[in-house]
Amino acid sequence: MAVANGARHPVAVWVLTRTALLLLVLGVLTYPGPDVTTDVSVIYQGWQEVLRTGTYPRDDITWQYPPGAALVIVAPGLLPGLDYTSAFIVLALLCDLLVLALLLRAERHGTRRRGTWTWVAGVPLLGPTVYARYDLMVTAVAVAALLASARRPAVMGALAGLGALLKVWPLLVLLGTPRGRVTRRCWAAAAVTAVVPALVLAAVMPGALAFLTFQRDRGTEVESLGSLVFHVARHFGWQGEVLFNYGSVEFLGPYVPLVSRLALALSLAALGWLALWRARAKEFDAATVCDAAFAAVLLFTTTSRVISPQYMVWLVGLAAVCLVHRATAMARPAMLVLAATGVTLLEFPVWFSHVVASDPLGITLLVVRNGLLVAATLDACLRLWRRTVTAEPGRGRATGPDARADSPATSR
């Protein structure tokens, strides 16, 4: 009964906040800025109609997702009695509820429920956008993979592979798996789950791999870290422009390719740092798996040429899983991510016109949001390194009521 009582408050807050989100995304309540549901009602639904003919949208450059994304795009059309947009929102809500249930179960032996509260509070900070993109579904798969890591490495790997089929980045949850048998089982399961279905889909549906070219040709999106150069440069005579390009609002003009290449170089440098960390790390336990995944996704999000608002739900989900573990080093970076998520709601959709115009309000919002992401990234990487590379082995492991969640993955 104590556990049930302890779960009541986050569940009640979840119900209240998600009711508000539903009212916003369904248009019952209005909000400033552009309609965020057009991606679902126009783009996703258009893709669904193409996919149902047995081919991928290979002539549409906005299709930039791995083959498994087709499953998410087609699924709403299979729900009876609902139009496509309403069905998509229902599926998003169910995935949100699934994450809540997984976190409540993971924290059933504790009393603070830090991870659960992070999810309950973090998702509504993103506003209606969170139910109008399929990133919440992908995040649910990544959260499930991390929560399975300690006891079921093969299940973790299979879920990571499934997530990669949907949007690639969930493969990063495998970065912190303990060396040896656990890593071999996780990575092998991920490879089979990701590669075999991808090959089958590529064989039976033309255009399954077209997303690789479309992703390669993307430019610098107006919300990214690199875009700040052009937001400021517009006030000093820079002769570029802002256009809807490759599925997002991007800068086009002089020096944009250079900044895009620099962003790619930063992402490659991040990959190099993660490889170095993996080689040097000495401490691998359940908290390490989650901390490494969080730090890795932070690195690639912050250095990306594109930081779409919905990317923040990835970070909120991974932050929540980190905070399930008492031994996590990510408490402060998680709070920085929550703050950045709240600012993201202001820059999109509320004041997105100011961002596009590069006026003082728009620039300020981006400086604050991206500054918080940079701070969270640097702090997360530093804390991960200190906890796993330079700290004494075994230091910081949990004891007490939450110790079961933090026991080493290598013991199973």
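Scroll up for the structure.
Remember, predicted model here, so these are calculated numbers, not experimental data.

Could you clarify how one ought to interpret the overall build of the chain in this entry?
Check the secondary structure of the chain and you find 17 helices and three strands. The C-alpha atoms of the chain give a radius of gyration of 21 Å, which matches the 22 Å a tight globule of 412 residues would have. For the C-alpha atoms alone, the extent of the chain along its principal axes is close to 60 × 50 × 45 Å. Sorting the 412 residues of the chain into buried and exposed places 54% on the buried side. Of the roughly 17,000 Å² of accessible surface on the chain, a fraction of 67% belongs to carbon and sulfur atoms. Considering the chain, the positive charge centre built from 35 side chains and the negative charge centre built from 23 side chains are found 13 Å apart.

I'm lost on the packing of aromatic side chains in this one. Help?
Remark: the centre distance and the inter-plane angle together describe each pair of aromatic rings, the angle taken between the planes. Scanning the entire structure with this criterion turns up 16 aromatic pairs. A network of ring pairs unites the aromatic residues Tyr44, Trp47, Tyr56, Trp63, Tyr65, Phe88 and Tyr134 as a single cluster. The cationic tip of Lys167 hangs over the ring face of Tyr134; the distance from NZ or CZ to the ring centre is 5.1 Å.

Whenever I open this one, the nonpolar core confuses me. Can you help?
Most often, soluble globular proteins have nonpolar side chains that are buried together. Ranked by internal contacts, the top residues of the largest apolar core, which has 115 residues, are Trp119, Tyr134, Leu146, Met156, Val173, Trp277 and Phe294. Of all the elements, helix H13 (residues 311–324) adds the most residues to this core, at 13 residues. Those residues within four positions of Phe294 in sequence are excluded, and the remaining contacts are Leu315, Leu318, Ala319, Cys322, Met330, Pro333, Ala334 and Val337.

Hey, could you run me through the sheet that holds strand E1 (residues 220–221) in this one?
Two modes of strand pairing occur in sheets, parallel and antiparallel, and in both the strands are linked by backbone hydrogen bonds. Read across the sheet, three strands follow the order E1-E3-E2 without closing on themselves; strand pairing throughout is antiparallel. Only two strands of the sheet have a single neighbouring strand rather than two, namely E1 and strand E2 (241–245).

Just checking my understanding: could you explain the pairing of strand E3 (residues 248–252) for this structure?
Within a regular strand, the side chains alternate between the two sheet faces. E3 sits mainly inside the fold: four of its five residues count as buried. Across two bridges, E1 lies against E3 in antiparallel orientation. Residue Thr220 lies in a different strand from E3, and its bridge partner there is Phe251. As judged from the five bridges shared by E2 and E3, these two strands associate in the antiparallel manner. Bridge assignment links Val242 to a residue of E3, and that residue is Phe251. In sequence, E2 turns back onto E3 through a hairpin of two residues, with Tyr246 there showing a positive phi of about 55°.

It is not clear to me how the packing of helix H11 (residues 256–280) against helix H16 (residues 360–390) should be interpreted in this structure. Could you clarify?
For any two helices packed against each other, one specifies the crossing angle of their axes together with the interaxial distance. It is the contact of H11 with H16, at a shortest axis distance of 10 Å, that shows an interaxial angle of 20°. Comparing the axis directions of H11 and H16 gives the class roughly parallel. Seen from above, H11 lies across H16 with left-handed handedness. Where H11 abuts H16, its residues Trp273, Leu276, Trp277 and Arg280 lie against Cys381, Leu384, Trp385, Thr388 and Val389. Along the lines of polarity and charge, the residues of the contact of H11 with H16 split into seven nonpolar, one polar and one charged.

Looking at this structure, how should I read helix H14 (residues 331–350)?
Owing to its 3.6 residues per turn, the α-helix brings residues three or four apart onto one side. Taking 1.5 Å of rise per residue, 20 residues should cover 28 Å, and H14 covers 28 Å from first to last C-alpha, within 8% of that figure. Those residues of H14 not exposed but buried are Pro333, Ala334, Val337, Leu338, Ala340, Thr341, Val343, Thr344, Glu347, Phe348, Pro349 and Val350. Its buried side turned inward, H14 meets helix H5 (114–125), helix H12 (286–302), H13, helix H15 (352–357) and H16.

Mind showing me how you'd approach the pattern of salt bridges here?
Opposite charge on two side chains allows them to pair when their charged atoms are near. Enumeration according to the criterion identifies seven salt bridges in this entry. A salt bridge links Arg18 to Asp96, with the shortest nitrogen-to-oxygen separation between them at 2.7 Å. Here the residue Arg18 occupies a position in helix H1 (residues 2–25), and Asp96 occupies one in helix H4 (residues 84–106), the gap between them amounting to 78 residues. Note on accessibility: Arg18 and Asp96 belong to one class, buried. For Asp379, the salt bridge identified is with Arg383, shortest N-O distance 3.0 Å. Here Asp379 pairs with Arg383, and both are found in helix H16, just four residues apart, close to one helical turn.

Explain unusual backbone geometry to me, please; I cannot follow it from the model alone.
Residues other than glycine predominantly adopt negative phi, and peptide bonds predominantly adopt the trans conformation. Residue Phe348 is joined to Pro349 through a cis peptide bond whose omega torsion reads 10°. Looking at the element boundaries, Pro349 is found in helix H14. A positive phi angle, close to 70°, is found at Tyr255, a residue other than glycine. For Tyr255, the location among the structural elements is in the loop between E3 and H11. Given the relative accessible area of 58%, Tyr255 is considered exposed. Within the chain, Ser358 stands out as a residue other than glycine whose phi angle is a positive 55°. Inspection of the secondary structure assignment puts Ser358 in the loop between H15 and H16. Of the residues examined, Ser358 reaches a relative accessible area of 0% and is grouped as buried.

Calculation rules
Numbers given to residues run from 1 along each chain, matching the order in which its sequence is written. Restriction of local features to residues with pLDDT of at least 70 applies here, the model being predicted, together with a cutoff of 80 or more for giving and counting side-chain atom pairs; totals for whole chains, interfaces and linings are based on all residues. Only hydrogens and water are removed before side-chain values are computed, so all heavy atoms of the structure are retained for them. Strands here mean DSSP runs of E at least two residues long; helices mean DSSP runs of H or I at least four residues long; both are numbered from the N terminus. The atom set for the radius of gyration is the C-alpha atoms, and the globule formula is 2.2 Å times the number of residues raised to the power 0.38. Three exposure classes are used, based on accessible area relative to the maximum for each residue type with a 1.4 Å probe and protein chains only: buried under 20%, partly exposed in between, and exposed over 50%. Note on areas: Shrake-Rupley with a 1.4 Å probe; residue coverage comes only from the protein chains shown. Note that His is not counted, nor are the chain ends; the positive residues are Lys and Arg, and the negative ones are Asp and Glu. The atoms used to mark charge sites are NZ of Lys, CZ of Arg, CG of Asp and CD of Glu. Any pair of Phe, Tyr and Trp rings, taking the six-membered ring for Trp, is counted once the centres come within 6.5 Å. Such a pair is stacked with planes under 30 degrees apart, edge-to-face with planes over 60 apart, and tilted for the rest. The criterion for a charge sitting over a ring is simple: Lys NZ or Arg CZ within 6 Å of the ring centre, and within 35 degrees of the ring normal. Note on terminology: a nonpolar core comprises buried Ala, Val, Leu, Ile, Met, Phe, Trp, Tyr and Cys residues joined through side-chain atoms within 4.5 Å. Contacts: residue pairs with any heavy atoms within 4.5 Å of one another. By definition, two strands form a pair when at least two bridges between them are found by DSSP. What counts as an axis is a line fitted to C-alpha atoms, over the stretch in contact for a helix, and the angles between N-to-C directions run from 0 to 180 degrees. For this classification, under 35 degrees means roughly parallel, over 145 means roughly antiparallel, 65 to 115 means roughly perpendicular, and everything else is oblique. By definition, any crossing whose near helix is turned counterclockwise from its far helix by less than a right angle is left-handed, and any crossing with a clockwise turn is right-handed. Polar here means any residue other than Ala, Val, Leu, Ile, Met, Phe, Trp, Tyr, Cys and Pro, which are nonpolar, and Asp, Glu, Lys and Arg, which are charged; Gly is therefore polar. Multiplying 1.5 Å by the helix residue count minus one yields the expected span of that helix. Within this document, salt bridges are pairs made up of a side-chain nitrogen of Lys or Arg and a carboxyl oxygen of Asp or Glu, the two lying within 4 Å of each other.

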